[in-house]
Amino acid sequence: MSKINVTLQLNGKSVSAEVEPRTLLIHYLRENLNVTGPHIGCDTSHCGACTVDIDGKSVKSCTIFAVQAAGAEVLTIEGMAGADGKLHALQEGFREMHGLQCGYCTPGMIIRAYRLLKENPTPSDAEIRMGISGNLCRCTGYQNIVKAIQYAAAKINGAEYKEAAE
Amino acid sequence: MIPGSFDYHRPTSLSEAVALLSSFDADARVIAGGHSLIPMMKLRLATPSHLIDLAAVGELRGVSAEGGEIVIGAMTTQHELIASETLAARLPILREAALLIADPQVRYVGTLGGNVANGDPGNDMPALMMCLGAVYVLRGKAGERKVAARDYYQGAYATAANPDEILTAIRIAPPPAGHGYAYEKLKRKVGDYATAAAGVILTLANGTVATCAIGLTNVAETALFADAAAGAVVGSKMDKAALARASAAAEAIASPAADGRGSAEYRRKMAGVMTARALSRAFARANG
């Protein structure tokens, strides 16, 4: 089967590579473009470690062919911090609230949380938990991930983060 | 896991997609959201030589009201079903069920057409489509035809669709305003298929059940239309005896396999439990 050109907008820049149609987006990103922020966890569309944002939707990049994303705008963790290196509110939140331990799920968590907060800027803790239900973390028990996302929501909304009583 | 090789096609109209599919015989598959097909391709359970992506066929998307019917394009995603105000008002059971399918990422991509078309007994929408009396619109080289959801499923991954046909839309005559509805799904975790699930649509007259339809998910080779269970509550006020009759009738037609979700006996029992819960909740919601 002949290779085809897949060009897309990755973190605001045009990228392209010649790949077989069967190349999954996660492999296109990691193997062809050396963009290794999105991780391969389960490889079966359960764990969410490979989550990227495609045209305003959170998508598991292990379950879409690169060719299906041709022409799309794709956001990965590499595109979250500012050009000056300033962390995105979510990255800051995960650091401040200890929202990670081993860090394997973090790029997928942050990209998913980014879209969640775009759609629901003031989520309840329960809404966050449902919103990240497609992302598995085996370290934290999610408590600090929820706090990290609340921290980011407050910061993005210009409000002061107040930790909910437990 | 790497799928087998294939040629990729991206038609921009339905007629082009149908012509492509016919030209490759059984060696081609259409792909919608791909969240059933791509996992199967990664496991090499499906190895199409040609993949026809329907993503650019705009006429397959969206929810509209046509006359007395709701028409849902096959490429409408679960996320779009959940957001649809038309469906929230006319067919709220679809939103309730869609929120129980997989997880947010999968719902952004997975489509209603993909959920119902391939005859996966684990999928949630087929039982609902049977329950609602939905009609599937199929387009093939011989033209368009309609198949009732209740006649569509022949076995696990075996359906009434011919290899050259594409599911284009789902047509549903919505139940009257004030109808009762519920979808009850027992699952181990987010993203899991149902251990057993039941969907109910009912109407009341003077406080008793006037009409009722029940569909069961993942307790047989296909979704099941449980007409005897539904008949067991018509004319009742959903008392304990009626619920017990309906549960027993649902269990009688369930034939689940033992799997990681439980023994066959347990899953059959849960088909009855989900039926009773869905009936109770639908009854409580109904007006009339």
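Residues numbered from 1 in each chain as written. Chains lettered and ligands numbered in written order. Predicted model: local features only at pLDDT ≥ 70, side-chain atom pairs only at ≥ 80, totals over all residues.

Caption draft 1: Representation of the packing of helix α2 (residues 89-96) of chain A against helix α5 (residues 143-156) of chain A within the structure. All names here are of chain A. It is the contact of α2 with α5, at a shortest axis distance of 8 Å, that shows an interaxial angle of 135°. When the axis of α2 is compared with that of α5, the two are oblique. Crossing hand, α2 versus α5: right-handed. Across the interface between the two elements, A89, L90, E92, G93, F94 and E96 of α2 pack against A148, I149, Y151, A152, K155 and I156 of α5. Of the residues belonging to the contact of α2 with α5, the class tally is eight nonpolar, one polar and three charged. (Axes fitted to C-alpha atoms, helices over the stretch in contact; angles between N-to-C directions. Helix = DSSP H or I, 4+ residues; strand = E, 2+ residues; numbered from the N terminus. Parallel < 35°, antiparallel > 145°, perpendicular 65-115°, else oblique. Left-handed = near helix turned anticlockwise from the far one by under 90°. Contact = placed C-beta atoms within 7 Å. Nonpolar A, V, L, I, M, F, W, Y, C, P; charged D, E, K, R; others polar.)

Caption draft 2: Examining the nonpolar core more closely. Ranked by size, the top nonpolar core spans 147 residues in total, and within it V200, I214 and L216 of chain B carry the most contacts. Top element by residues in this core is helix α12 (residues 264-285) of chain B. It accounts for eight residues. (Core = buried A, V, L, I, M, F, W, Y, C linked by C-beta atoms within 7 Å. Buried ≥ 20, exposed ≤ 12 C-beta atoms within 10 Å, placed from the backbone.)

Caption draft 3: Representation of the sheet that holds strand β10 (residues 166-172) of chain B. Residue and element names in this part refer to chain B. Read from one edge to the other, the open sheet built from five strands follows the order β4-β5-β10-β6-β7, with strand pairing classed as antiparallel. Edge strands, defined here as strands with exactly one partner in the open sheet, are β4 (63-66) and β7 (143-148). If you compare each strand with its neighbour and ignore which way they point, the axes differ by 25° on average. Bridging between strand β5 (residues 69-73) and β10 involves four bridges; their strand directions are antiparallel. Within the sheet, the bridge partner assigned to G73 lies in β10 and is A169. Packed onto the sheet, helix α1 (residues 14-23) meets β6 (135-140) and β10 and runs at close to 130° relative to β10. (Pairing = 2+ DSSP bridges.)

Caption draft 4: Main features of the domain arrangement of chain B. All names here are of chain B. Its domain assignment divides chain B into domain 1 (7-53), domain 2 (60-172) and domain 3 (181-285). Look at where the C-alpha atoms of domain 1 and domain 2 centre, and you get two points 18 Å apart. Residue-level contacts link 11 residues of domain 1 with 19 residues of domain 2. It is α1 that contributes the most residues to the side of domain 1 that touches domain 2, five residues altogether. (Domains from an automatic or database assignment.)

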